[in-house]
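Observations on the three-dimensional arrangement
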Amino acid sequence: MALQLISWCQTKYLKMAQGNINVQAENIFPIIKQFLYSDQEIFLRELVSNAVDACKKLQALSSMGEAKGDIGELQVEVIADKKAKTLTIRDNGLGMTGEEIEKYIAQIAFSGAEEFVQKYEDKADGIIGHFGLGFFSAFMVADKVEVYSKSYQKGASGARWICEGSTDYELTEEEKETRGTDIVLHISKDSKDYLEEHKISELLSKYCKFLPVDVKFGTKEETLPAPEVKEGEEAPEPEKITVDNIINNSSPAWTKAPADLKDEDYKSFYRELYPMSFEEPLFHIHLNVDYPFNLTGVLYFPKLSHNMEVQKNKIQLYCNQVFVTDQVEGIVPDFLTLLHGVIDSPDIPLNVSRSYLQSDQNVKKISSHITKKVADKLKQLATKDREEFQKKWDDIKVFIEFGLLSDEKFAEKAKKFMLYKNVKEEFFLIDEYLEKIKVTQENKDKKTVILYTHDAEAHHSAIAKAEERGYDVLVMDTALSSHLANKLEQDLTDVTFARIDSDTIDKLIAKDEEIPSKLSKEEEEKLKPVIEGVVNTQTYTVQFESLSEQDAPIQITQSEFMRRMVEMQRVGGQGGMMGNFPESYNLVVNSNHPLVGKILKEDDSETQQKLAKQAADLALLSVGLLKGKELTDFVNRSIEIIE
Ligand code: ADP
Ligand code: MG
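To start, this report covers the structure provided alongside it. Predicted model, so just to flag it, every value in this text is computed and none were measured.

1. Quick word on the site of ligand 1
Close contacts around ligand 1 come from 14 residues, with Asn50, Ala54, Asp91, Gly134 and Phe135 the closest. Here a nitrogen atom of ligand 1 and a side-chain polar atom of Asp91 are 2.9 Å apart. Taken by itself ligand 1 offers 530 Å² of open surface, and the protein chains cover 78% of this. Those elements that provide at least two residues to the shell around ligand 1 are α3 (42-63) and α4 (98-121). The biggest single contributor to the shell around ligand 1 is α3, with 4 residues.

Now the structure itself:
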């Protein structure tokens, strides 16, 4: 087979002989058929879009005065006949004469197939559907294809072309009353699925939903609006009528001018795109570019579900209203693949492989343009109605953080719309926030320390302590928070981030004043082993600090640096081996707390140990680290004490 293929490829030009396509390989159809198997279903898209093209061309000819008279309503129709095992794609477009069929179908369409086989040789990774195989794809599902056509040209007679999936064909003159083309597919045994109504409907709604000419598939019943009923009269049975079942919306929202659309129109278009979605989008962005490339579309910010991986609604890519794919990686920046909506561009080279696509200059420009548009829209929303924007913040912050971390230009623009929320649910832009805290939260090294928590409930006591000192605490609770803190520390001068549990309150924002310690070095040395005796020293490092008497006797902290490394490793990114690092904490003993003095002075070693254990457990409990048997023991011990 491979040999056959290569020899066929070497035949550069397909010469036309009377009724015979002169190719060396005996029968190219089965070969192509097999290669295309996985993407077979695109045949319908190709044939319907050819039919749409034929209508559009006629429209153009008519408007130029080339086609005379009234051209009537243009329509494409798909007709399945299970008995005859045929599927017909009918249009009343410009039609073809016999010579044109030979020229365009037998010659050009077949050379498209040749191009495909050549491309296939370098293993264009599975995007066969984009090869523009066009008419030829009919042979993927049919043993025999008939083209029955009559040109719009004055005095043209009808023609019928029949090809049985070999290199032979038959062309005859034949009466046809109406203008346009019927492509009749005699569906092969293996493909009889394509005669099923539900299958055809499924394909039409996948590929043809927004084609620019009405596409009819059968009929449907419609109930007429009930007429007004006079009082005392009985309401008549609602009247039903049979109407054409038009499967497409020929002028979808993205083809219209933004000025002609209301918010409700965008929402209803969203429902049209994703009929299985019940959530409303948060807001939309209408793309409309004609220079230096052509691109239209509507993107939506959806309400994100918590599980980002299970994303069923994807951005759909169209080429002149023909659905191409919903695999937009490489065209849309990664962080925007979380958006929903439609992009339509005749300038995206679809008939090439994905790796080529990603390096294509046009595609790169498109990608950065989309990013810019999205950033502009966010800025506009944040500026115009900040309160509305704040309400949506929790739903969109992941996009924005993701974008800010992955795209420098976006990050720059984000300064005007990236919000920071504190534990009091107040929102700030970064500049506003730094202004607010710069006096109170500057440490002795002249750095502004931004305090944050990922869980205000869990950090309740530490937050209360910070607030007592007049500090503000931000909520940073996404999987990207650590990455974000790192990035902002790089971008902003003299700013550091410290999670509220990363140190004792005095050290979080270290000021110059020092509190004298009530314990001497010797006393600390004496107490240290006692405390170490009641905790797991592999996890907790015991250290003494001279804190205020009002601070807790023992506190648990976790180094900002270590924790961030571990977290960043977890979500991917820098951090080296840290992800496998065991969790480790500092157990900080407040040398000025009266309880600490009491433990030190206790003579009975059993009582001393009990006191130390109780104090350490309380510290663990307050940060949610006391669990299992340790917790049970603590509860029992506490009861004993208060009994
Ligand atoms: P493409 O659409 O990319 O030109 P196709 O293989 O799909 O390639 O079609 C080849 C040509 O056959 C078209 O360019 C057009 O001239 C002609 N053709 C196909 N289908 C029709 C049709 N339904 N009506 C008129 N012309 C058609
Ligand atoms: Mg085509």
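2. Some details on the environment of Ile42
Looking at the element boundaries, Ile42 is found in helix α3. What makes Ile42 buried here is its relative accessible area of 4%. A sequence separation of 161 residues divides Ile42 from Leu203, and the C-alpha atoms of the two residues are 8.3 Å apart.

3. Quick word on helix α18 (residues 605-622)
Across its 18 residues, α18 extends 26 Å between first and last C-alpha, which sits within 8% of the 26 Å expected from 1.5 Å per residue. Every buried residue of α18 is accounted for by Gln608, Ala612, Lys613, Gln614, Ala615, Ala616, Asp617, Ala619 and Leu620. Residues of α18 that are buried make contact with α15 (521-532), β21 (540-545), β22 (554-557), α17 (594-601) and α19 (628-642). Immediately beyond the C-terminal end of α18, within one or two residues, lies Gly624, with a positive phi of roughly 75°.

4. Notes on the pairing of strand β12 (residues 295-301)
In terms of burial, β12 is a largely internal element, 7 of the 7 residues being buried. Side chains of β12 alternate between two faces, with Leu295, Gly297, Leu299 and Phe301 and Thr296, Val298 and Tyr300 buried alike. Two strands pair when backbone bridges link them, and strand β11 (residues 283-289) and β12 are joined in this way by 7 bridges, in the antiparallel orientation. Across the sheet, the residue bridging to Leu287 is Gly297, located in β12.

5. With respect to the packing of aromatic side chains
Under the counting rule described, the total for this entry stands at 22 aromatic pairs. Measuring from ring centre to ring centre gives 6.0 Å for Phe135 and Trp161, while their planes differ by 65°; the resulting arrangement is edge-to-face. Residue Phe135 is found in the loop between α4 and β5 (142-150), and its partner Trp161 is found in strand β6 (residues 159-163); the two are separated by 26 residues along the sequence. With 5.9 Å between their ring centres and 55° between their planes, Trp254 and Phe269 make a pair best called tilted. Of the two residues, Trp254 sits in the loop between β10 (240-246) and α6 (263-273) while Phe269 sits in helix α6, which places them 15 residues apart along the sequence. With a relative accessible area of 2%, Phe269 lands in the buried category. Three or more aromatic residues joined by ring pairs make a cluster, and in this case those are Tyr207, Phe210, Trp254, Phe269, Tyr318 and Phe323. The side chain of Arg160 reaches across the aromatic face of Tyr148, ending 4.1 Å from its centre. Between Lys176 and the ring centre of Tyr148, over which it is positioned, the NZ or CZ distance is 5.6 Å.

Cut-offs applied
- Residues numbered from 1 in each chain as written.
- Chains lettered and ligands numbered in written order.
- Predicted model: local features only at pLDDT ≥ 70, side-chain atom pairs only at ≥ 80, totals over all residues.
- Heavy atoms only, no water.
- Near = heavy atom within 4 Å.
- Polar contact = N/O pair within 3.5 Å; in protein donor to acceptor, adjacent residues only side chain to side chain.
- Areas by Shrake-Rupley, 256 points an atom, 1.4 Å probe, with all protein chains shown as cover.
- Helix = DSSP H or I, 4+ residues; strand = E, 2+ residues; numbered from the N terminus.
- Buried < 20%, exposed > 50% of the residue type's maximum accessible area, 1.4 Å probe, protein only.
- Expected span 1.5 Å × (residues − 1).
- Contact = heavy atoms within 4.5 Å.
- Pairing = 2+ DSSP bridges.
- Phe/Tyr/Trp six-rings, centres within 6.5 Å; stacked < 30°, edge-to-face > 60°.
- Lys NZ or Arg CZ within 6 Å of the ring centre and 35° of its normal.

The values reported here are purely geometric and, on their own, carry no functional implication.
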